[in-house]
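Structural overview
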Amino acid sequence: MDAGTGERLERALTGPDVWGALGTLASDPPPDLVEAVEERYGAAGPEQRRLLTWLLRSLGESGDPALLRLLERARGEHARDVLATAVQRGLRIPAGVLRGLVDDLGMMEPVVDAMGLSGDPSFAPLLAGVLDRTGLGGRAALALGRLGERRWTGALAERVGGVSGLDHTAFARALELMGDPAAVPYLVRWLRKGGEPAGDVHDALVRITGRNPLLPLWTTSEEYTRNARRAWAGVTAAGRVPPDLRDMVVESPSWARFELDEGRGRIRIDFDAPAAGSSWPRWNRSLFVGGEPLYRVGSICDTCETALRLLDWPARRAVRGAARLRGALSDVHALDAELLDASRPLLEELETGHYRVFLADLPLERVATPERSWWVRRWEDRTEADLSQEPDPVDWPGTEHFQLTHRLTEPVPTYGVVLPSQPLDALDDDQVAGHRVAIEGGARPAALVLGWVEDRWVEAAHEERFLVGTVLDGHHKLAAYAEAGVPARVVLLSRLEDNWAERDGWGARLEAVLPWPGASAG
(Lines give C-alpha, C1' and ligand atoms only; values in the text may rest on other atoms or scores of the structure.)
Protein backbone atom coordinates (compact mmCIF):
# COMPACT_ATOMS: atom_id res chain seq x y z
CA MET A 1 0.00 0.00 0.00
CA ASP A 2 1.21 3.50 -0.86
CA ALA A 3 1.99 5.38 2.34
CA GLY A 4 0.48 8.50 0.81
CA THR A 5 -2.94 6.85 0.62
CA GLY A 6 -2.84 5.98 4.30
CA GLU A 7 -1.86 9.54 5.13
CA ARG A 8 -4.69 10.97 3.03
CA LEU A 9 -7.15 8.68 4.77
CA GLU A 10 -5.85 9.68 8.19
CA ARG A 11 -6.15 13.39 7.38
CA ALA A 12 -9.69 12.85 6.16
CA LEU A 13 -10.69 11.05 9.36
CA THR A 14 -9.18 13.67 11.68
CA GLY A 15 -9.64 16.90 9.71
CA PRO A 16 -12.22 19.65 10.29
CA ASP A 17 -14.50 18.55 7.41
CA VAL A 18 -14.59 14.78 7.77
CA TRP A 19 -17.57 14.13 5.48
CA GLY A 20 -16.32 16.45 2.77
CA ALA A 21 -12.86 14.87 2.82
CA LEU A 22 -14.22 11.32 2.73
CA GLY A 23 -16.55 12.28 -0.10
CA THR A 24 -13.59 13.58 -2.09
CA LEU A 25 -11.75 10.32 -1.51
CA ALA A 26 -14.77 8.30 -2.60
CA SER A 27 -15.29 10.35 -5.78
CA ASP A 28 -11.67 9.94 -6.93
CA PRO A 29 -10.24 6.97 -4.99
CA PRO A 30 -6.58 5.97 -5.26
CA PRO A 31 -6.14 2.36 -6.42
CA ASP A 32 -5.18 1.10 -2.95
CA LEU A 33 -7.84 2.95 -0.94
CA VAL A 34 -9.75 -0.23 -0.04
CA GLU A 35 -6.56 -1.78 1.34
CA ALA A 36 -5.88 1.38 3.38
CA VAL A 37 -9.42 1.35 4.79
CA GLU A 38 -9.14 -2.29 5.88
CA GLU A 39 -5.80 -1.68 7.54
CA ARG A 40 -7.05 1.45 9.33
CA TYR A 41 -10.28 -0.28 10.46
CA GLY A 42 -8.48 -2.61 12.89
CA ALA A 43 -7.09 0.27 14.95
CA ALA A 44 -10.09 2.60 14.68
CA GLY A 45 -12.58 3.42 17.41
CA PRO A 46 -16.36 2.92 17.06
CA GLU A 47 -17.09 6.29 15.41
CA GLN A 48 -14.21 6.04 12.94
CA ARG A 49 -15.23 2.48 12.09
CA ARG A 50 -18.65 3.76 11.09
CA LEU A 51 -16.98 6.37 8.89
CA LEU A 52 -14.79 3.73 7.27
CA THR A 53 -17.78 1.48 6.69
CA TRP A 54 -19.57 4.38 5.01
CA LEU A 55 -16.52 4.97 2.82
CA LEU A 56 -16.49 1.34 1.68
CA ARG A 57 -20.18 1.59 0.85
CA SER A 58 -19.54 4.76 -1.15
CA LEU A 59 -16.91 2.99 -3.24
CA GLY A 60 -19.56 0.67 -4.67
CA GLU A 61 -18.51 -2.70 -6.05
CA SER A 62 -14.82 -2.15 -5.31
CA GLY A 63 -15.60 -1.90 -1.58
CA ASP A 64 -17.91 -4.94 -1.41
CA PRO A 65 -15.24 -7.65 -0.94
CA ALA A 66 -13.77 -5.67 1.95
CA LEU A 67 -17.17 -5.44 3.65
CA LEU A 68 -17.53 -9.21 3.42
CA ARG A 69 -14.04 -9.75 4.82
CA LEU A 70 -14.75 -7.42 7.75
CA LEU A 71 -17.95 -9.32 8.48
CA GLU A 72 -16.05 -12.57 8.87
CA ARG A 73 -14.21 -11.26 11.92
CA ALA A 74 -16.52 -8.52 13.26
CA ARG A 75 -18.47 -9.07 16.47
CA GLY A 76 -21.09 -7.23 18.49
CA GLU A 77 -21.94 -3.64 17.57
CA HIS A 78 -19.18 -3.53 14.96
CA ALA A 79 -20.72 -6.55 13.23
CA ARG A 80 -24.13 -4.91 13.25
CA ASP A 81 -22.75 -1.76 11.61
CA VAL A 82 -20.88 -3.64 8.87
CA LEU A 83 -23.84 -5.99 8.29
CA ALA A 84 -26.27 -3.07 7.93
CA THR A 85 -23.95 -1.53 5.33
CA ALA A 86 -23.64 -4.84 3.47
CA VAL A 87 -27.45 -5.11 3.42
CA GLN A 88 -27.76 -1.60 2.00
CA ARG A 89 -25.36 -2.70 -0.73
CA GLY A 90 -27.61 -5.72 -1.39
CA LEU A 91 -24.78 -8.18 -0.74
CA ARG A 92 -25.36 -11.91 -0.33
CA ILE A 93 -23.69 -12.96 2.92
CA PRO A 94 -22.25 -16.50 2.92
CA ALA A 95 -24.58 -18.78 4.88
CA GLY A 96 -21.91 -19.82 7.38
CA VAL A 97 -20.98 -16.21 8.17
CA LEU A 98 -24.66 -15.28 8.50
CA ARG A 99 -25.35 -18.13 10.92
CA GLY A 100 -22.45 -16.94 13.04
CA LEU A 101 -23.96 -13.46 13.07
CA VAL A 102 -27.30 -14.93 14.17
CA ASP A 103 -25.54 -16.55 17.14
CA ASP A 104 -23.74 -13.28 17.93
CA LEU A 105 -26.49 -10.72 17.34
CA GLY A 106 -29.73 -12.70 17.48
CA MET A 107 -32.73 -11.98 15.26
CA MET A 108 -32.48 -8.25 14.68
CA GLU A 109 -33.21 -6.01 11.69
CA PRO A 110 -29.96 -6.27 9.67
CA VAL A 111 -29.81 -10.02 10.32
CA VAL A 112 -33.37 -10.49 9.09
CA ASP A 113 -32.70 -8.32 6.02
CA ALA A 114 -29.54 -10.30 5.24
CA MET A 115 -31.49 -13.57 5.41
CA GLY A 116 -33.84 -12.25 2.76
CA LEU A 117 -30.89 -11.46 0.49
CA SER A 118 -29.14 -14.77 1.14
CA GLY A 119 -31.07 -16.87 -1.37
CA ASP A 120 -30.90 -19.67 1.23
CA PRO A 121 -34.34 -21.20 2.00
CA SER A 122 -32.99 -22.78 5.21
CA PHE A 123 -33.41 -19.39 6.90
CA ALA A 124 -37.17 -19.32 6.17
CA PRO A 125 -38.28 -21.05 9.41
CA LEU A 126 -36.28 -18.55 11.48
CA LEU A 127 -37.95 -15.68 9.62
CA ALA A 128 -41.41 -17.21 10.03
CA GLY A 129 -40.76 -17.48 13.75
CA VAL A 130 -40.56 -13.69 14.17
CA LEU A 131 -43.50 -12.66 11.94
CA ASP A 132 -45.48 -11.68 15.05
CA ARG A 133 -42.63 -9.88 16.77
CA THR A 134 -43.31 -6.13 17.12
CA GLY A 135 -40.88 -4.05 15.12
CA LEU A 136 -39.50 -7.04 13.25
CA GLY A 137 -42.48 -8.84 11.69
CA GLY A 138 -42.73 -6.62 8.62
CA ARG A 139 -39.02 -6.98 7.88
CA ALA A 140 -39.29 -10.76 8.26
CA ALA A 141 -42.25 -10.83 5.88
CA LEU A 142 -40.28 -8.91 3.24
CA ALA A 143 -37.31 -11.25 3.73
CA LEU A 144 -39.56 -14.27 3.11
CA GLY A 145 -40.91 -12.53 0.03
CA ARG A 146 -37.39 -11.98 -1.31
CA LEU A 147 -36.61 -15.64 -0.75
CA GLY A 148 -39.76 -16.55 -2.66
CA GLU A 149 -40.63 -19.17 -0.06
CA ARG A 150 -44.24 -19.87 -1.04
CA ARG A 151 -44.71 -22.34 1.81
CA TRP A 152 -45.34 -19.24 3.90
CA THR A 153 -47.79 -17.48 1.57
CA GLY A 154 -50.76 -18.33 3.79
CA ALA A 155 -48.95 -17.19 6.93
CA LEU A 156 -48.23 -13.82 5.36
CA ALA A 157 -51.69 -13.36 3.84
CA GLU A 158 -53.47 -14.26 7.10
CA ARG A 159 -51.53 -11.56 8.94
CA VAL A 160 -52.23 -8.69 6.53
CA GLY A 161 -55.44 -7.82 8.37
CA GLY A 162 -53.87 -8.07 11.81
CA VAL A 163 -51.19 -5.43 11.39
CA SER A 164 -51.32 -1.72 10.60
CA GLY A 165 -49.19 1.12 9.32
CA LEU A 166 -45.83 0.21 7.80
CA ASP A 167 -46.20 -3.42 8.87
CA HIS A 168 -49.47 -3.70 6.90
CA THR A 169 -47.68 -2.30 3.85
CA ALA A 170 -44.72 -4.62 4.40
CA PHE A 171 -46.86 -7.77 4.52
CA ALA A 172 -48.76 -6.74 1.37
CA ARG A 173 -45.52 -5.96 -0.45
CA ALA A 174 -44.04 -9.27 0.69
CA LEU A 175 -46.91 -11.03 -1.06
CA GLU A 176 -46.15 -8.99 -4.20
CA LEU A 177 -42.55 -10.21 -4.04
CA MET A 178 -43.77 -13.77 -3.50
CA GLY A 179 -46.05 -13.52 -6.53
CA ASP A 180 -48.08 -16.53 -5.40
CA PRO A 181 -51.68 -16.67 -6.73
CA ALA A 182 -52.57 -18.64 -3.59
CA ALA A 183 -52.65 -15.28 -1.76
CA VAL A 184 -55.53 -13.94 -3.88
CA PRO A 185 -58.47 -15.58 -1.99
CA TYR A 186 -57.07 -14.39 1.35
CA LEU A 187 -56.76 -10.80 0.16
CA VAL A 188 -60.16 -10.69 -1.54
CA ARG A 189 -61.76 -12.16 1.58
CA TRP A 190 -60.09 -9.46 3.69
CA LEU A 191 -61.51 -6.77 1.42
CA ARG A 192 -64.97 -8.33 1.48
CA LYS A 193 -65.00 -8.34 5.28
CA GLY A 194 -64.37 -4.60 5.33
CA GLY A 195 -60.62 -4.39 5.68
CA GLU A 196 -59.14 -0.94 5.19
CA PRO A 197 -57.23 1.03 4.10
CA ALA A 198 -57.24 -0.97 0.89
CA GLY A 199 -54.46 0.66 -1.13
CA ASP A 200 -51.68 -1.81 -0.34
CA VAL A 201 -53.94 -4.84 -0.83
CA HIS A 202 -55.27 -3.47 -4.14
CA ASP A 203 -51.70 -2.97 -5.40
CA ALA A 204 -50.70 -6.46 -4.25
CA LEU A 205 -53.65 -7.99 -6.10
CA VAL A 206 -52.71 -6.07 -9.27
CA ARG A 207 -49.14 -7.38 -9.21
CA ILE A 208 -50.09 -10.96 -8.26
CA THR A 209 -53.01 -11.43 -10.66
CA GLY A 210 -51.84 -9.38 -13.62
CA ARG A 211 -55.21 -7.65 -13.60
CA ASN A 212 -55.61 -3.92 -13.07
CA PRO A 213 -59.27 -2.87 -12.73
CA LEU A 214 -60.10 0.82 -13.01
CA LEU A 215 -61.22 2.37 -9.72
CA PRO A 216 -63.40 5.49 -9.74
CA LEU A 217 -61.57 8.61 -8.58
CA TRP A 218 -62.01 8.98 -4.84
CA THR A 219 -61.83 11.68 -2.18
CA THR A 220 -61.50 9.67 1.06
CA SER A 221 -59.81 6.46 2.16
CA GLU A 222 -63.20 4.95 2.92
CA GLU A 223 -64.44 5.70 -0.60
CA TYR A 224 -61.29 4.18 -2.10
CA THR A 225 -61.79 1.05 -0.02
CA ARG A 226 -65.40 0.67 -1.19
CA ASN A 227 -64.26 1.05 -4.80
CA ALA A 228 -61.53 -1.57 -4.38
CA ARG A 229 -63.94 -3.98 -2.66
CA ARG A 230 -66.34 -3.76 -5.60
CA ALA A 231 -63.56 -4.09 -8.18
CA TRP A 232 -62.18 -7.32 -6.68
CA ALA A 233 -65.45 -8.96 -5.67
CA GLY A 234 -65.57 -12.46 -7.08
CA VAL A 235 -61.95 -12.54 -8.29
CA THR A 236 -60.38 -15.81 -7.19
CA ALA A 237 -57.40 -16.38 -9.49
CA ALA A 238 -54.81 -14.73 -11.70
CA GLY A 239 -55.43 -14.02 -15.35
CA ARG A 240 -55.16 -10.94 -17.54
CA VAL A 241 -58.20 -9.21 -19.01
CA PRO A 242 -57.95 -7.35 -22.36
CA PRO A 243 -57.51 -3.55 -22.05
CA ASP A 244 -60.68 -1.49 -22.36
CA LEU A 245 -60.34 2.08 -23.68
CA ARG A 246 -63.55 3.97 -23.09
CA ASP A 247 -65.20 7.36 -22.71
CA MET A 248 -62.78 8.81 -25.25
CA VAL A 249 -63.97 12.40 -25.74
CA VAL A 250 -62.37 15.28 -27.65
CA GLU A 251 -63.30 18.34 -25.58
CA SER A 252 -61.61 20.91 -27.84
CA PRO A 253 -58.95 21.08 -30.56
CA SER A 254 -56.30 21.15 -27.83
CA TRP A 255 -57.47 18.68 -25.19
CA ALA A 256 -59.28 15.37 -24.78
CA ARG A 257 -59.87 12.68 -22.17
CA PHE A 258 -60.31 8.93 -21.90
CA GLU A 259 -60.39 6.11 -19.35
CA LEU A 260 -58.33 2.95 -19.50
CA ASP A 261 -59.48 -0.18 -17.68
CA GLU A 262 -57.16 -3.19 -17.36
CA GLY A 263 -54.25 -1.33 -18.95
CA ARG A 264 -51.20 -3.48 -19.68
CA GLY A 265 -49.00 -1.20 -17.57
CA ARG A 266 -45.88 -1.54 -19.72
CA ILE A 267 -45.70 2.27 -19.62
CA ARG A 268 -46.16 3.42 -16.05
CA ILE A 269 -44.77 5.07 -12.94
CA ASP A 270 -44.50 2.44 -10.23
CA PHE A 271 -42.86 1.76 -6.89
CA ASP A 272 -39.52 0.00 -6.87
CA ALA A 273 -39.17 -3.26 -5.01
CA PRO A 274 -38.68 -2.55 -1.29
CA ALA A 275 -35.05 -1.79 -0.56
CA ALA A 276 -33.43 -4.13 1.95
CA GLY A 277 -32.39 -2.22 5.04
CA SER A 278 -35.06 0.46 4.64
CA SER A 279 -37.96 0.86 7.05
CA TRP A 280 -40.16 2.15 4.19
CA PRO A 281 -41.76 -0.64 2.11
CA ARG A 282 -42.88 1.97 -0.44
CA TRP A 283 -40.51 4.82 -1.14
CA ASN A 284 -38.67 5.19 -4.44
CA ARG A 285 -40.42 4.96 -7.81
CA SER A 286 -39.30 4.34 -11.36
CA LEU A 287 -40.68 5.15 -14.78
CA PHE A 288 -41.20 2.00 -16.84
CA VAL A 289 -41.30 2.23 -20.64
CA GLY A 290 -41.78 -0.92 -22.67
CA GLY A 291 -42.01 -2.87 -19.42
CA GLU A 292 -38.42 -1.97 -18.44
CA PRO A 293 -37.33 0.56 -15.77
CA LEU A 294 -35.95 3.59 -17.59
CA TYR A 295 -35.64 6.40 -15.02
CA ARG A 296 -35.55 6.39 -11.24
CA VAL A 297 -38.20 8.97 -10.35
CA GLY A 298 -37.22 9.37 -6.71
CA SER A 299 -39.07 9.18 -3.45
CA ILE A 300 -42.64 10.08 -2.54
CA CYS A 301 -41.35 12.50 0.11
CA ASP A 302 -43.14 15.86 -0.40
CA THR A 303 -40.25 17.80 1.11
CA CYS A 304 -37.49 16.10 -0.90
CA GLU A 305 -36.20 17.46 -4.17
CA THR A 306 -37.54 16.27 -7.51
CA ALA A 307 -34.86 13.95 -8.86
CA LEU A 308 -34.77 11.73 -11.94
CA ARG A 309 -31.88 9.50 -12.93
CA LEU A 310 -31.38 7.37 -16.01
CA LEU A 311 -31.15 3.70 -14.99
CA ASP A 312 -30.28 2.14 -18.35
CA TRP A 313 -31.32 2.32 -21.97
CA PRO A 314 -33.52 -0.57 -23.05
CA ALA A 315 -31.90 -3.35 -25.06
CA ARG A 316 -34.26 -2.50 -27.91
CA ARG A 317 -36.51 0.42 -28.70
CA ALA A 318 -38.86 0.73 -25.75
CA VAL A 319 -41.87 1.86 -27.75
CA ARG A 320 -42.65 1.04 -31.37
CA GLY A 321 -45.31 3.16 -33.03
CA ALA A 322 -47.57 1.50 -35.56
CA ALA A 323 -47.50 2.88 -39.12
CA ARG A 324 -51.04 4.24 -38.69
CA LEU A 325 -50.01 6.20 -35.58
CA ARG A 326 -46.90 7.53 -37.28
CA GLY A 327 -49.06 8.76 -40.13
CA ALA A 328 -51.52 10.43 -37.77
CA LEU A 329 -48.67 12.25 -36.00
CA SER A 330 -46.94 13.40 -39.19
CA ASP A 331 -48.78 16.75 -39.34
CA VAL A 332 -51.09 17.62 -36.43
CA HIS A 333 -53.16 20.82 -36.27
CA ALA A 334 -55.83 19.70 -33.80
CA LEU A 335 -56.75 16.77 -31.60
CA ASP A 336 -59.46 14.66 -33.19
CA ALA A 337 -61.05 11.23 -32.86
CA GLU A 338 -58.98 9.85 -35.75
CA LEU A 339 -55.69 10.67 -34.00
CA LEU A 340 -56.85 9.14 -30.71
CA ASP A 341 -58.14 6.04 -32.46
CA ALA A 342 -54.81 5.61 -34.27
CA SER A 343 -53.12 5.81 -30.84
CA ARG A 344 -55.12 2.93 -29.35
CA PRO A 345 -52.41 0.23 -29.58
CA LEU A 346 -49.99 2.44 -27.66
CA LEU A 347 -52.60 3.78 -25.21
CA GLU A 348 -53.45 0.21 -24.19
CA GLU A 349 -49.83 -0.18 -23.01
CA LEU A 350 -50.40 2.50 -20.35
CA GLU A 351 -51.28 1.95 -16.70
CA THR A 352 -54.98 1.74 -15.84
CA GLY A 353 -56.33 5.20 -15.06
CA HIS A 354 -58.14 8.39 -16.02
CA TYR A 355 -56.22 10.30 -18.69
CA ARG A 356 -56.07 13.79 -20.12
CA VAL A 357 -54.58 14.53 -23.56
CA PHE A 358 -53.16 17.96 -24.39
CA LEU A 359 -51.95 19.35 -27.70
CA ALA A 360 -49.40 22.06 -27.05
CA ASP A 361 -46.48 23.90 -28.60
CA LEU A 362 -43.45 23.76 -26.30
CA PRO A 363 -40.41 25.98 -26.87
CA LEU A 364 -37.69 23.37 -26.32
CA GLU A 365 -33.93 23.43 -26.20
CA ARG A 366 -31.56 20.49 -26.22
CA VAL A 367 -29.40 20.23 -23.10
CA ALA A 368 -26.20 18.20 -22.94
CA THR A 369 -24.55 19.39 -19.69
CA PRO A 370 -25.71 19.55 -16.07
CA GLU A 371 -25.00 23.27 -15.83
CA ARG A 372 -27.60 24.05 -18.50
CA SER A 373 -30.24 21.72 -17.05
CA TRP A 374 -33.08 22.98 -14.89
CA TRP A 375 -32.05 20.41 -12.27
CA VAL A 376 -29.03 22.58 -11.54
CA ARG A 377 -30.34 25.96 -12.70
CA ARG A 378 -33.27 25.72 -10.26
CA TRP A 379 -30.83 26.93 -7.62
CA GLU A 380 -31.10 30.36 -9.25
CA ASP A 381 -34.58 30.61 -7.67
CA ARG A 382 -33.52 29.48 -4.20
CA THR A 383 -31.45 32.43 -3.08
CA GLU A 384 -33.84 33.29 -0.24
CA ALA A 385 -34.69 29.73 0.79
CA ASP A 386 -33.19 28.33 3.99
CA LEU A 387 -31.95 25.03 2.55
CA SER A 388 -29.24 22.77 3.94
CA GLN A 389 -28.43 21.36 0.50
CA GLU A 390 -25.99 22.77 -2.02
CA PRO A 391 -26.15 22.66 -5.82
CA ASP A 392 -24.49 19.56 -7.22
CA PRO A 393 -23.72 19.01 -10.93
CA VAL A 394 -24.76 15.36 -10.58
CA ASP A 395 -28.33 16.44 -9.77
CA TRP A 396 -29.58 15.86 -13.27
CA PRO A 397 -30.89 12.79 -15.15
CA GLY A 398 -27.45 11.79 -16.36
CA THR A 399 -28.32 12.09 -20.05
CA GLU A 400 -28.87 14.68 -22.74
CA HIS A 401 -32.50 15.78 -22.84
CA PHE A 402 -34.92 18.51 -23.89
CA GLN A 403 -36.27 21.24 -21.66
CA LEU A 404 -38.42 24.34 -21.89
CA THR A 405 -36.49 27.50 -22.52
CA HIS A 406 -38.29 29.35 -19.74
CA ARG A 407 -40.10 28.74 -16.46
CA LEU A 408 -43.77 27.95 -16.85
CA THR A 409 -45.59 29.72 -14.02
CA GLU A 410 -45.19 32.09 -11.13
CA PRO A 411 -45.20 32.57 -8.18
CA VAL A 412 -44.24 28.86 -7.84
CA PRO A 413 -41.10 28.23 -9.93
CA THR A 414 -42.13 25.56 -12.45
CA TYR A 415 -39.69 23.88 -14.81
CA GLY A 416 -40.46 21.77 -17.86
CA VAL A 417 -38.25 18.86 -18.94
CA VAL A 418 -38.75 16.22 -21.64
CA LEU A 419 -36.61 13.10 -21.19
CA PRO A 420 -35.73 10.71 -24.01
CA SER A 421 -36.47 6.99 -24.05
CA GLN A 422 -33.51 6.40 -26.37
CA PRO A 423 -30.08 8.11 -26.44
CA LEU A 424 -30.20 11.39 -28.33
CA ASP A 425 -26.63 11.04 -29.57
CA ALA A 426 -27.78 8.03 -31.62
CA LEU A 427 -30.41 9.95 -33.61
CA ASP A 428 -30.28 9.76 -37.41
CA ASP A 429 -29.12 13.16 -38.70
CA ASP A 430 -30.91 12.69 -42.00
CA GLN A 431 -34.25 12.08 -40.26
CA VAL A 432 -33.76 15.16 -38.11
CA ALA A 433 -32.93 17.23 -41.20
CA GLY A 434 -35.99 15.93 -43.03
CA HIS A 435 -38.29 16.92 -40.17
CA ARG A 436 -36.65 20.34 -39.97
CA VAL A 437 -37.32 21.00 -43.66
CA ALA A 438 -40.98 20.03 -43.16
CA ILE A 439 -41.29 22.22 -40.05
CA GLU A 440 -39.76 25.23 -41.74
CA GLY A 441 -42.24 24.63 -44.57
CA GLY A 442 -45.19 24.90 -42.18
CA ALA A 443 -45.84 21.27 -41.25
CA ARG A 444 -46.35 20.41 -37.60
CA PRO A 445 -45.31 16.81 -36.92
CA ALA A 446 -46.12 15.90 -33.32
CA ALA A 447 -44.21 13.95 -30.70
CA LEU A 448 -46.12 11.71 -28.29
CA VAL A 449 -45.11 12.31 -24.66
CA LEU A 450 -46.17 10.87 -21.30
CA GLY A 451 -46.16 13.64 -18.68
CA TRP A 452 -46.91 14.38 -15.06
CA VAL A 453 -46.29 17.11 -12.48
CA GLU A 454 -43.98 16.82 -9.47
CA ASP A 455 -44.99 19.33 -6.78
CA ARG A 456 -42.58 19.66 -3.85
CA TRP A 457 -42.02 21.84 -0.80
CA VAL A 458 -38.26 21.35 -0.54
CA GLU A 459 -37.18 21.03 3.08
CA ALA A 460 -40.44 22.85 3.90
CA ALA A 461 -38.66 26.02 2.80
CA HIS A 462 -38.99 26.29 -0.98
CA GLU A 463 -41.91 25.39 -3.22
CA GLU A 464 -41.20 24.23 -6.76
CA ARG A 465 -42.83 22.23 -9.56
CA PHE A 466 -41.52 20.14 -12.41
CA LEU A 467 -43.56 19.23 -15.47
CA VAL A 468 -41.84 16.00 -16.48
CA GLY A 469 -42.34 14.37 -19.85
CA THR A 470 -40.92 11.21 -21.41
CA VAL A 471 -40.86 10.76 -25.17
CA LEU A 472 -42.85 7.74 -26.32
CA ASP A 473 -42.52 8.60 -30.02
CA GLY A 474 -40.90 11.52 -31.86
CA HIS A 475 -37.28 12.03 -30.72
CA HIS A 476 -36.19 13.10 -34.20
CA LYS A 477 -39.08 15.58 -34.42
CA LEU A 478 -38.20 17.23 -31.11
CA ALA A 479 -34.55 17.50 -32.14
CA ALA A 480 -35.64 19.15 -35.41
CA TYR A 481 -37.89 21.64 -33.61
CA ALA A 482 -35.05 22.55 -31.23
CA GLU A 483 -32.67 23.10 -34.15
CA ALA A 484 -35.21 25.20 -36.06
CA GLY A 485 -36.06 27.33 -33.01
CA VAL A 486 -39.76 26.55 -33.51
CA PRO A 487 -41.97 25.52 -30.54
CA ALA A 488 -42.35 21.75 -30.65
CA ARG A 489 -45.81 20.30 -31.22
CA VAL A 490 -46.49 17.70 -28.56
CA VAL A 491 -49.39 15.38 -27.82
CA LEU A 492 -49.03 15.01 -24.05
CA LEU A 493 -50.76 12.15 -22.19
CA SER A 494 -51.18 12.50 -18.45
CA ARG A 495 -52.78 10.18 -15.90
CA LEU A 496 -54.79 11.91 -13.18
CA GLU A 497 -53.75 9.28 -10.65
CA ASP A 498 -50.15 10.48 -11.12
CA ASN A 499 -51.21 14.10 -10.55
CA TRP A 500 -53.16 13.95 -7.32
CA ALA A 501 -52.69 16.73 -4.76
CA GLU A 502 -54.15 16.07 -1.33
CA ARG A 503 -54.98 19.70 -0.69
CA ASP A 504 -56.38 20.44 -4.17
CA GLY A 505 -57.79 17.19 -5.56
CA TRP A 506 -57.49 15.43 -8.91
CA GLY A 507 -55.55 17.08 -11.69
CA ALA A 508 -55.06 20.34 -9.80
CA ARG A 509 -51.34 20.32 -10.46
CA LEU A 510 -51.95 19.72 -14.15
CA GLU A 511 -54.47 22.53 -14.28
CA ALA A 512 -51.94 24.85 -12.66
CA VAL A 513 -49.50 24.19 -15.48
CA LEU A 514 -51.58 23.14 -18.51
CA PRO A 515 -52.50 24.70 -20.78
CA TRP A 516 -49.79 27.28 -20.20
CA PRO A 517 -49.55 30.60 -22.01
CA GLY A 518 -48.60 29.96 -25.61
CA ALA A 519 -50.13 26.47 -25.74
CA SER A 520 -51.97 26.22 -29.01
CA ALA A 521 -53.59 23.87 -31.45
CA GLY A 522 -52.41 26.22 -34.18
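Remember, it's a predicted structure, so these values are computed and weren't measured experimentally.

**Some details on the overall build of the protein**
On a plain count of helices and strands, the protein comes out with 22 helices and 15 strands. With respect to the three principal axes, the spread of C-alpha positions in the protein is 75 × 60 × 40 Å. In the protein, buried positions account for 53% of the 522 residues. Counting contacts in the protein only where the partners sit at least 6 residues apart, residues at least 24 apart contribute 68% of the total. When the accessible area of the protein is evaluated, it comes to approximately 22400 Å², of which 49% is carbon and sulfur surface. Here the protein contributes 60 positively and 79 negatively charged side chains, and the mean placements of these two sets differ by 5 Å.

**Considering the sheet that holds strand 2 (residues 255–261)**
Within the open sheet, the nine strands sit side by side as 1-2-7-13-11-12-10-9-8. Their pairing is mixed. Every interior strand has two partners, whereas the edge strands, strand 1 (244–252) and strand 8 (364–367), have only one. Geometrically, the sheet is characterised by an average inter-axis angle of 30° between neighbouring strands, direction not taken into account. Strand direction decides the pairing type here: strand 8 and strand 9 (residues 401–404), joined by four bridges, are antiparallel. Counted as the bridge partner of Leu 364 is Leu 404 from strand 9.

**Concerning the environment of Arg 230**
Along the chain, Arg 230 turns up in helix 15 (residues 221–232). The class of Arg 230 is exposed, set by a relative accessible area of 55%. Through-space distance from the C-alpha of Arg 230 to that of Asp 428 is 50 Å; in sequence the pair is 198 residues apart.

**Quick notes on the pattern of salt bridges**
The final tally for this structure, using the stated rule, is 47 salt bridges. For Glu 380, the salt bridge goes to Arg 377, with nearest N and O atoms at 3.6 Å. You can call Glu 380 partly exposed: its relative accessible area is 46%. The exposure class assigned to Arg 377 is buried, which follows from its relative accessible area of 14%. A single salt-bridge network, built from bridges that share partners, covers Glu 365, Arg 372, Arg 377, Glu 380, Asp 381 and Arg 407.

**Observations regarding unusual backbone geometry**
A cis amide bond links Glu 196 with the next residue in sequence, Pro 197, at an omega value of 0°. A positive phi angle is found at Glu 262, which is not glycine, with a value near 60°. The topology assignment puts Glu 262 in the loop between strand 2 and strand 3 (268–271).

**Section: helix 10 (residues 137–147)**
Within helix 10, ten of the eleven residues are buried, which leaves it mostly tucked inside the rest of the structure. Three or more residues of helix 10 are buried, namely Gly 137, Gly 138, Arg 139, Ala 140, Ala 141, Leu 142, Ala 143, Leu 144, Gly 145 and Leu 147. Buried residues in helix 10 make contact with helix 8 (109–118), helix 9 (124–128), helix 11 (153–159) and helix 12 (165–178). Downstream of helix 10 by one or two residues, Gly 148 has phi in the positive range, about 70°.

**Examining the packing of helix 1 (residues 3–14) against helix 2 (residues 18–27)**
Relative placement of two packed helices is described by the angle separating their axes and the distance separating the axes. Two elements in contact, helix 1 and helix 2, have axes whose closest approach is 7 Å; the angle formed by their N-to-C orientations is 150°. Between helix 1 and helix 2, the angle falls in the class roughly antiparallel. Contact residues: helix 1 offers Arg 8, Leu 9, Ala 12 and Leu 13, while helix 2 offers Val 18, Ala 21, Leu 22 and Leu 25. Here the residues of the contact of helix 1 with helix 2 are counted per class, giving seven nonpolar, no polar and one charged.

**Here's the deal with the sheet that holds strand 4 (residues 284–289)**
Reading across the sheet, the four strands line up as 3-4-5-6 and stay open at both edges, with antiparallel pairing between neighbours. Strands with a single pairing partner mark the edges of an open sheet, and in this sheet they are strand 3 and strand 6 (309–310). Note that strand 4 and strand 5 (residues 292–299) share six bridges and pair antiparallel. Residue pairing across strands places Val 289 opposite Glu 292, the latter belonging to strand 5.

**Thoughts on helix 6 (residues 76–88)**
Between its first and last C-alpha, helix 6 extends 19 Å over 13 residues, near the 18 Å set by a 1.5 Å rise per residue. Close packing links the buried residues of helix 6 with helix 3 (33–41), helix 4 (46–58), helix 5 (64–73), helix 7 (95–105) and helix 8. Just beyond helix 6, the residue with positive phi is Gly 90, at close to 75°.

Cut-offs used in this document
Residues numbered from 1 in each chain as written. Predicted model: local features only at pLDDT ≥ 70, side-chain atom pairs only at ≥ 80, totals over all residues. Heavy atoms only, no water. Helix = DSSP H or I, 4+ residues; strand = E, 2+ residues; numbered from the N terminus. Buried < 20%, exposed > 50% of the residue type's maximum accessible area, 1.4 Å probe, protein only. Contact = heavy atoms within 4.5 Å. Areas by Shrake-Rupley, 256 points an atom, 1.4 Å probe, with all protein chains shown as cover. Lys, Arg positive; Asp, Glu negative; His and termini not counted. Charge placed at Lys NZ, Arg CZ, Asp CG, Glu CD. Pairing = 2+ DSSP bridges. Axes fitted to C-alpha atoms, helices over the stretch in contact; angles between N-to-C directions. Salt bridge = Lys/Arg side-chain N within 4 Å of Asp/Glu carboxyl O. Parallel < 35°, antiparallel > 145°, perpendicular 65-115°, else oblique. Nonpolar A, V, L, I, M, F, W, Y, C, P; charged D, E, K, R; others polar. Expected span 1.5 Å × (residues − 1).

Keep in mind that these numbers describe shape and distance, not what the molecule does.
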